[in-house]
Amino acid sequence: DEDMNTISSIRDIASGETIRSARFVGDMGYFVTFRQTDPLFCVDLSDPENPEILSELKISGFSSYLHMYGENRLLGIGYEADEDTGSQTGVKLSMFDISDPSDVKETAKEDLTEYGYAEALYDYKKVLADQEKNLIGFLASGYDKTDKYRCDYLLYSYENGKFVQRMKMDCKEKGNVVGYIRGTYIGDSFYLLYEDGMVQKYSLDNGELAETLE
């Protein structure tokens, strides 16, 4: 309340698990816990003194980042995990249908098993999530099936209930500063901005590199 006294709480949920992400939208709250599977909780906060869990969706892995993506959709970026052991198996994208708070559903999932790390999962400023332009972008790194190291900026759209990869831009030569690469767009051009000042311009139409500015 206004005196910083606790007026309510929700206890004894997800025993032994940790909270990995949270997002508040109007009178609703969403949070993810994890140990071996990922429960996504939907909570009604309209009465602050009596918060109520409306639903709990259990899926494999967990989302470290949650972002509203258009009306009644919630974007999750996180890690896939083995349901038996809880061990992480790679980065994943999830899209949730939250139109019915009592029955939240995962409508799409994209497993990115060749990437084991993405700084965007620990710093929300490193995610591009623009529903109006329909672009989801972030940097990811890891080793593919041939044990080859990859560091790519990945750009997706969400179309017809599926994640569609628009572009994959190789950034491994800048691997020592992967945390400082950002992506943005102007019109039909997409830009990668590097910590050392370099800017690369790509075409959103065909994904080709159009210009590099040192």
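This one's a predicted model, so the numbers in the text were calculated from it and none came from an experiment.

## Observations regarding the nonpolar core
And then number 1: Within the largest apolar cluster, 36 residues are counted, with the highest numbers of intra-cluster contacts made by Y30, L40, L75, I77, F96, F138 and F163.
And then number 2: In this structure L40 touches Y30, F31, V32, S55, E56, L57, L66, F96 and V104, once residues within four positions along its chain are discounted.

## Topic: the side chain of S60
And then number 1: Relative to the helices and strands, S60 is located in strand β4 (residues 52–60).
And then number 2: Within the structure, the side chain of S60 is placed 2.8 Å from the side chain of E80, a separation counted as a polar contact.

## A few points about the sheet that holds strand β15 (residues 199–203)
And then number 1: Read from one edge to the other, the open sheet built from 4 strands follows the order β13-β14-β15-β16, with strand pairing classed as antiparallel. Here the strands that pair on one side only, and so sit at the sheet edges, are β13 (182–186) and β16 (209–213). Sheet twist, expressed as the mean angle between neighbouring strand axes with direction ignored, is 20°.
And then number 2: Two strands pair when backbone bridges link them, and strand β14 (residues 189–193) and β15 are joined in this way by 5 bridges, in the antiparallel orientation. Bridge pairing links L193 to V199 in β15.

## Focus: the side chain of E80
And then number 1: In this structure, E80 sits in strand β6 (residues 73–81).
And then number 2: A polar atom in the side chain of E80 sits 2.7 Å from the side chain of K109.
And then number 3: Beyond its immediate stretch of four places on either side in the chain, E80 contacts S60, G61, S87, Q88, T89, G90, K92, K109 and D111.

## Brief notes about the sheet that holds strand β10 (residues 135–143)
And then number 1: Strand order across the open sheet formed by 4 strands is β9-β10-β11-β12, with antiparallel pairing between neighbours. Only two strands of the sheet have a single neighbouring strand rather than two, namely β9 (128–130) and β12 (162–170). When strand polarity is set aside, the average angle formed by the axes of neighbouring strands in this sheet is 30°.
And then number 2: Here β10 runs beside strand β11 (residues 149–159); their pairing, made up of 8 bridges, is antiparallel. Paired with G137 across the bridge in β11 is L155.

## Some thoughts on the packing of aromatic side chains
And then number 1: Going through the model one piece at a time under the given rule, you end up with 5 aromatic pairs.
And then number 2: Plain terms: the ring middles of F31 and F41 are 4.8 Å apart, the flat faces sit at 15° to each other, and that makes the pair stacked. Taken together, the positions of F31 in strand β2 (residues 28–34) and F41 in strand β3 (residues 37–44) put the pair 10 residues apart, joining distant regions of the chain.
And then number 3: The class of F41 is buried, set by a relative accessible area of 2%.

Conventions used here
Residues numbered from 1 in each chain as written. Predicted model: local features only at pLDDT ≥ 70, side-chain atom pairs only at ≥ 80, totals over all residues. Heavy atoms only, no water. Core = buried A, V, L, I, M, F, W, Y, C linked by side-chain atoms within 4.5 Å. Buried < 20%, exposed > 50% of the residue type's maximum accessible area, 1.4 Å probe, protein only. Contact = heavy atoms within 4.5 Å. Helix = DSSP H or I, 4+ residues; strand = E, 2+ residues; numbered from the N terminus. Polar contact = N/O pair within 3.5 Å; in protein donor to acceptor, adjacent residues only side chain to side chain. Pairing = 2+ DSSP bridges. Axes fitted to C-alpha atoms, helices over the stretch in contact; angles between N-to-C directions. Phe/Tyr/Trp six-rings, centres within 6.5 Å; stacked < 30°, edge-to-face > 60°.

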